[in-house]
Amino acid sequence: MNSPQSTFIPEHIAIPKPFYSDATGKPFERCIHCSRYLLDHNTHYMIEKVHKYYPELKTNDTIFEYAICIDCYMELRKSLSDESVQNLESYLNDHVNLIGRRQQLIQTEGLDIDGWIGSCMIKNKAIQACTEYQTICECMGNRMLFTFMPYMICDEAMEEMMELLSDKTLGFFDDFRNRFLGPSPEIGELLKPSRILLI
Ligand SMILES: [Zn+2]
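Predicted model only: the values in this text are computed from it and were never measured.

Conventions we followed
- The residue numbering used here restarts from 1 in each chain and proceeds along that chain's sequence as written.
- Local features are withheld for residues below a pLDDT of 70 in this predicted model, meaning they are given only at 70 or higher, and side-chain atom pairs are given and counted only at 80 or more; totals for whole chains, interfaces and linings count all residues.
- With hydrogens and water stripped out, all remaining heavy atoms of the structure feed into the side-chain values.
- Metal sites are built from N, O and S donor atoms within 2.8 Å, or 3.2 Å for Na, K and Ca, and they leave out water, so they may look incomplete.
- For four-coordinate sites, all angles between 85 and 135 degrees define a tetrahedron; for four- and six-coordinate sites, opposite donors beyond 155 degrees with the remaining angles between 65 and 115 define square planar and octahedral shapes respectively, and all other cases count as irregular.
- Only DSSP runs of H or I covering at least 4 residues are called helices, and only runs of E covering at least 2 are called strands; the numbering of each starts at the N terminus.
- Summary of the burial criterion: residues with accessible area below 20% of their type's maximum are buried, those above 50% are exposed, and those between are partly exposed, where the area comes from a 1.4 Å probe applied to protein chains only.
- By convention in these notes, a salt bridge is any Lys or Arg side-chain nitrogen within 4 Å of a carboxyl oxygen on Asp or Glu.
- Two strands qualify as a pair provided that DSSP identifies no fewer than 2 bridges between them.
- To get an axis, fit a line to the C-alpha atoms, keeping to the stretch in contact for a helix; angles then go from 0 to 180 degrees between the N-to-C directions.
- Oblique is the label for every angle not falling under 35 degrees (roughly parallel), over 145 degrees (roughly antiparallel), or within 65 to 115 degrees (roughly perpendicular).
- Crossing handedness: left-handed means the near helix sits turned counterclockwise from the far one by under a right angle, and right-handed means the same turn made clockwise.
- We call two residues in contact when some of their heavy atoms are within 4.5 Å.
- Charged means Asp, Glu, Lys or Arg here, nonpolar means Ala, Val, Leu, Ile, Met, Phe, Trp, Tyr, Cys or Pro, and polar covers whatever is left, Gly included.
- Ring pairs shown here join Phe, Tyr and Trp side chains whose ring centres sit within 6.5 Å, with only the six-membered ring taken for Trp; geometry is labelled stacked below 30 degrees between planes, edge-to-face above 60, and tilted in between.

Colleague: Help me out: how do you make sense of the coordination of the zinc ion in this one?
Modeller: Here the zinc ion is held by the protein donor atoms C31 (SG), C34 (SG), C69 (SG) and C72 (SG), which lie 2.3 Å from it. Taken together, the 4 donor atoms coordinating the zinc ion and their angles of 102 to 117 degrees define a geometry best described as tetrahedral. The sequence pattern describing where the donors of the zinc ion fall on their chain is C-x2-C-x34-C-x2-C. Of this pair, C31 sits in the loop between β1 (12-14) and β2 (44-54) while C69 is found in strand β3 (residues 59-69), placing the two residues 38 residues apart along the sequence. Relative accessible area serves as the criterion here: at 0%, C69 is assigned to the buried category.

What follows is the structure in structure tokens.
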């Protein structure tokens, strides 16, 4: 996938609650990798959250969440194998037209976040039907940008994407998770097999 950096200024809103840190109840303040402060107006970064839904309890848990600045994101992407990157790119190209999706959502949903993350970008599966899903957005300071993000990826698409990754890339994601998001045994268990980060 191309860099999320844009050459135009897209529509933006104040960071919405679904992309607040659940740990603090406030917007993310620091890059998970370099600790850079994120809420300055021209600091460019992304937020990823992985959620689990327990149908029997009808409750939702965020099993991990972080923000990462674009510089660290670009650096870490170099650690993925070429094979994995190519596989993921062709999977996305086969399943979603990112530019068309954005145009359509701007027209039909405007800047309503629920319309953008309410169903899977790839499978169109509704968020309520997912036992696990991830949400991703792109931000600049305290604003969330409407680029080809924000989007949601459902459990089924996550499974398919995992199968496209090389052992090297899976190992990298495991390592990233253990260094920055773990190691809680409970979370480690919930996240097996390794979940995609940073696509
Ligand atoms: Zn950083």
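Now, onward.
Colleague: What should I look at first to understand the pattern of salt bridges in this one?
Modeller: Two side chains of opposite charge can pair, provided their charged atoms sit close to one another. Tallied over the entire structure, the rule returns 10 salt bridges. Linking E65 and K49 is a salt bridge whose minimum nitrogen-to-oxygen distance equals 4.0 Å. Of this pair, E65 sits in strand β3 while K49 sits in strand β2; the two residues are 16 residues apart in sequence, bridging distant segments of the chain. Taken individually, E65 and K49 each receive the classification buried, so the pair is uniform in this respect. Several salt bridges converge on common partners, so that one network encompasses D22, K49 and E65.

Colleague: Teacher, can you tell me more about the pairing of strand β6 (residues 151-154) here?
Modeller: Where a strand is regular, its side chains alternate between the two sheet faces. Burial along β6 is two-sided: Y151 and I153 facing one way and M152 and C154 facing the other are all buried. Pairing of strand β4 (residues 132-140) with β6 involves 4 bridges; the strand directions are antiparallel. Within β6, the residue paired with I136 across the bridge is Y151.

Colleague: Any chance you could explain the packing of helix α2 (residues 82-95) against helix α5 (residues 155-162) here in plain terms?
Modeller: Any two packed helices are characterised by how steeply their axes cross, that is the angle between the axes, and by the distance between the axes. Close contact between α2 and α5 brings their axes to 10 Å; oriented N to C, the two are set at 140 degrees. As judged from the angle between their axes, α2 and α5 are oblique. In this structure, α2 crosses over α5, and the sense of that crossing is right-handed. On α5, the residues that touch L88, Y91, L92 and H95 of α2 are A157, E160 and M161. Its residues assigned to classes, the contact of α2 with α5 shows 5 nonpolar, 1 polar and 1 charged.

Colleague: Hey, could you run me through the pairing of β3 in this one?
Modeller: Here 10 bridges tie β2 to β3, and the two strands are oriented antiparallel to one another. Paired with M46 across the strands is I68, a residue of β3.

Colleague: How do you make sense of unusual backbone geometry when you look at a structure like this?
Modeller: With the exception of glycine, most residues fall at negative phi, and the peptide bonds are largely trans. At the junction of M149 and P150, the peptide bond is cis and its omega measures out at 0 degrees in the coordinates. If you trace the backbone, P150 turns up in the loop between β5 (143-145) and β6. The phi dihedral of K58 falls on the positive side, at around 55 degrees, and the residue is not glycine. By secondary structure assignment, the location of K58 is in the loop between β2 and β3. Judged by relative accessible area, K58 falls into the exposed class, the value being 67%.

Colleague: Help me understand the packing of aromatic side chains, please; the structure alone is not making it clear to me.
Modeller: Pairs of aromatic rings are described using the distance from one ring centre to the other and the angle between the two planes. Under the defined criterion, the tally for this structure stands at 6 aromatic pairs. Consider the rings of F148 and Y151, whose centres lie 6.4 Å apart with planes at 20 degrees: the pair is stacked. Per residue, the accessibility class of F148 equals that of Y151, and both read buried. Chaining the aromatic ring pairs together yields one cluster made of F64, Y66, F172, F173 and F176.

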